[in-house]
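These are the residues of each chain, in order.
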Amino acid sequence: MPNIQNVNERIIAVGADDRRLELFENIYPLPNGVSYNSYLILEGKTALMDTADISVAEVFFENVAAALNGRPLDYVIVQHMEPDHSATLADLIRKYPNVTVVCNAKTESMIHQFFREDLVFSTQIVKEGDTLHLGNLSLQFIMAPMVHWPEVMMTYVPESKILFSADAFGSFGALDGALFADEVDFKENYLSEARRYYANIVGKYGAPVQAVLKKASALDIQMICPLHGLVWRKDLEFLLDKYQKWSTYQPEEKSVVVAYASMYGNTAHVADKLAEKLVDKGWPVCVYDLSKTGRDFVLGEVFRASHLILAATTHDGNLFEPMEYLLREMVAHGVQGRKVALVENGSWAPMAAKQMQTLLESMKDMVVVDPVITVKSTLAPAQENELDNLAEALVN
């Protein structure tokens, strides 16, 4: 049985969900699965907005056929060539040999890179500002390079005021029956996964996201249809505000993330005591054990919070690996503008703080407060004042 839903009277969602996949891009955990969104426009001409991952091919093609209901497929718009959205493109062309592939020049080159066989198809190359007329609806193409691949483009339907946004404005998580963000408690149940998705997939590309947001501000957008996650038709200001903050690396709220890398629990003990002191000062705090909580989840939290406490032990003369992994992810994804407190532990030669500082110095506008606390094996009773001073320095 096909599983299709109406976006509006002329656009049908024909994508599919994958709850079996454990790792997105074979690296990011998917506790709630992922959706592969595709949209079919039924006008004088028909147009399919992207395809889907090979893992959901059977359901996807069944959905497309049901939505077409015997009509030919005239166009497939390829906004993004990453395989989770294009792996079924060759099979689509074989099933609908008269379809025209609409893409930009960079995408056309990638199609031939991904599908090395002699695949015969008609292509229409588009560039910034070009328009494709389907009848009473038209498609206007917006180039969005490096959000998050160089060939990415978005598509605007002025008559319906809909933006097909490729990977922008997406989220991890399969769709649980609801298609629209206003049908669920998004802030409670989906925002953290949208943030984690942005931080890890798009986070490095703040400047290109800003460029696209500037283009979008000139359009009358009343609905956003991303390639992953829920469709937005209400409260677009909320979503756009999040992207404005994330893409300029501004924290969403004044709060503290405490992340620690502890071998035997002594460093964890210090992190917990600091968290208690901050809560006593009225600050919201979240504490993460980097050996248990994936750095991709913590990276999303770093994008959210204004202040950080990083506590790590020394391991073989180096920074304990879980903390090093997090800091290198922060560097790679452009994190900047946070206030940071440091705690190191080492039984005979503490080195963690020095190495944490080196990595933090490669990020922009990261303020490390004094004092840096050095623990020798376990926290000494006389160091209680140091913790008080560090907590005070961090939030004042």
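Nothing here was measured: the structure is a model prediction, and the numbers come from that model.

What counts, and where the lines are drawn
- Residues numbered from 1 in each chain as written.
- Predicted model: local features only at pLDDT ≥ 70, side-chain atom pairs only at ≥ 80, totals over all residues.
- Heavy atoms only, no water.
- Helix = DSSP H or I, 4+ residues; strand = E, 2+ residues; numbered from the N terminus.
- Buried < 20%, exposed > 50% of the residue type's maximum accessible area, 1.4 Å probe, protein only.
- Polar contact = N/O pair within 3.5 Å; in protein donor to acceptor, adjacent residues only side chain to side chain.
- Salt bridge = Lys/Arg side-chain N within 4 Å of Asp/Glu carboxyl O.
- Core = buried A, V, L, I, M, F, W, Y, C linked by side-chain atoms within 4.5 Å.
- Pairing = 2+ DSSP bridges.
- Axes fitted to C-alpha atoms, helices over the stretch in contact; angles between N-to-C directions.
- Phe/Tyr/Trp six-rings, centres within 6.5 Å; stacked < 30°, edge-to-face > 60°.
- Expected span 1.5 Å × (residues − 1).
- Contact = heavy atoms within 4.5 Å.
- Left-handed = near helix turned anticlockwise from the far one by under 90°.

> Is there a simple way to explain the environment of Asp-296 in this structure?
With respect to the secondary-structure elements, Asp-296 resides in helix α10 (residues 295-304). The exposure class of Asp-296 is buried, given its relative accessible area of 6%. Here Arg-196 takes part through its side chain, which lies 2.5 Å from a polar atom of the side chain of Asp-296.

> Help me out: how do you make sense of the pattern of salt bridges in this one?
Close approach of charged atoms lets side chains of opposite charge pair. For the structure on display, the rule yields 21 salt bridges. When the shortest N-O distance is used, the salt bridge between Glu-253 and Arg-304 registers 2.5 Å. You can see Glu-253 sitting in strand β17 (residues 253-261) and its partner Arg-304 sitting in helix α10, a full 51 residues away along the chain. Residue classification places Glu-253 among the partly exposed residues on the basis of a relative accessible area of 36%. Between Lys-277 and Asp-388 there is a salt bridge; the shortest N-O distance is 2.7 Å. With Lys-277 in helix α9 (residues 266-280) and Asp-388 in helix α13 (residues 384-395), this pair connects stretches of sequence that are 111 residues apart. Salt bridges sharing common partners tie together Arg-195, Lys-242, Glu-252, Glu-253, Glu-301 and Arg-304.

> Would you take a moment to explain the nonpolar core for this structure?
The nonpolar side chains of soluble globular proteins are, as a tendency, buried together. Within the largest apolar cluster, 126 residues are counted, with the highest numbers of intra-cluster contacts made by Leu-310, Met-323, Leu-327 and Met-330. Sorting elements by how many residues they give to this core places helix α6 (residues 191-202) first, with seven residues. Within the second largest apolar cluster, 22 residues are counted, among which are Val-270, Ala-311, Leu-379 and Leu-394.

> When you look at the sheet that holds strand β8 (residues 46-49) in this model, what are you seeing that I'm missing?
Sheets are built from strands paired through backbone hydrogen bonds, the pairs being either parallel or antiparallel. Strand order in this open sheet of seven strands is β1-β2-β7-β8-β9-β10-β11, and the pairing throughout is mixed. Two strands bound the open sheet, and with one partner strand each, they are β1 (5-8) and β11 (122-125). Each neighbouring strand pair of the sheet contributes to a mean axis angle of 25 degrees, computed without reference to strand direction. Alignment of strand β7 (residues 39-42) against β8, held across four bridges, turns out to be antiparallel. Bridge pairing in β8 places Leu-40 opposite Leu-48.

> I tried to follow the packing of aromatic side chains on my own but got confused; where do I start?
Pairs of aromatic rings are described using the distance from one ring centre to the other and the angle between the two planes. One pass over the structure, following the stated rule, counts 16 aromatic pairs. Between Phe-24 and Phe-172, the ring centres sit 5.3 Å apart and the planes meet at 65 degrees, which makes this aromatic pair edge-to-face. Remark: Phe-172 occurs in the loop between β15 (162-164) and α5 (186-189) and Phe-24 occurs in strand β4 (residues 23-24); sequence separation between them is 148 residues. Looking at Phe-24, the relative accessible area reads 3%, which means it is buried. A ring pair is formed by Tyr-249 and Phe-303, whose centres lie 5.9 Å apart and whose planes are at 50 degrees; its orientation type is tilted. With Tyr-249 in the loop between α8 (236-247) and β17 and Phe-303 in helix α10, this pair connects stretches of sequence that are 54 residues apart.

> What's the story with α8 in this structure? I'm lost.
Side chains of residues three or four places apart in an α-helix project in the same direction, reflecting 3.6 residues per turn. For α8, spanning twelve residues, the distance from its first C-alpha to its last is 16 Å, which sits close to the expected 16 Å at 1.5 Å a residue. Looking at the packing, one finds that the buried side of α8 touches α6, α7 (206-217), β16 (223-225) and α10. The positive-phi residue at the C-terminal boundary of α8 is Tyr-249, with phi of around 60 degrees.

> Hey, could you run me through the pairing of β17 in this one?
Every regular strand shows the same layout, with side chains that alternate between the two sheet faces. Taking burial as the measure, the nine residues of β17 include seven buried ones, the bulk of the element. Note: β17 against strand β19 (residues 305-315), seven bridges, orientation parallel. Following the sheet pairing, Glu-253 is matched in β19 by Ala-305. Pairing between β17 and strand β18 (residues 285-289): five bridges, direction parallel. Within β18, the residue paired with Val-256 across the bridge is Val-285.

> Hey, could you run me through the sheet that holds strand β14 (residues 153-157) in this one?
With mixed pairing, the five strands of this open sheet are ordered in space as β12-β13-β14-β15-β16. Every other strand in the sheet has two partners, leaving β12 (131-133) and β16 as the edge strands with one partner each. If you compare each strand with its neighbour and ignore which way they point, the axes differ by 20 degrees on average. Looking at chain direction, β12 and strand β13 (residues 138-143) are connected through three bridges and run antiparallel. Note that in β13 the partner of Leu-132 across the bridge is Leu-139.

> When you look at the side chain of Glu-43 in this model, what are you seeing that I'm missing?
Relative to the assigned elements, Glu-43 resides in the loop between β7 and β8. A polar contact of 2.6 Å, which involves the side chain of Glu-43, links it to the side chain of Arg-10. Of note is the side chain of Glu-43, whose polar atom sits 2.8 Å from the backbone nitrogen of Asn-136. When sequence neighbours within four positions are dropped, the list of residues in contact with Glu-43 reads Arg-10, Arg-71, Leu-134, Gly-135, Asn-136 and Leu-137.

> What's the story with the packing of α7 against α8 in this structure? I'm lost.
Geometry of a packed helix pair, given as the angle between the helix axes and the separation of the axes. At a minimum axis separation of 9 Å, α7 and α8 run at an interaxial angle of 145 degrees. The way α7 lies across α8 gives a crossing that is left-handed. Two secondary-structure elements touch here, α7 through Gly-206, Val-209, Gln-210 and Leu-213 and α8 through Leu-240, Tyr-243, Gln-244 and Ser-247.

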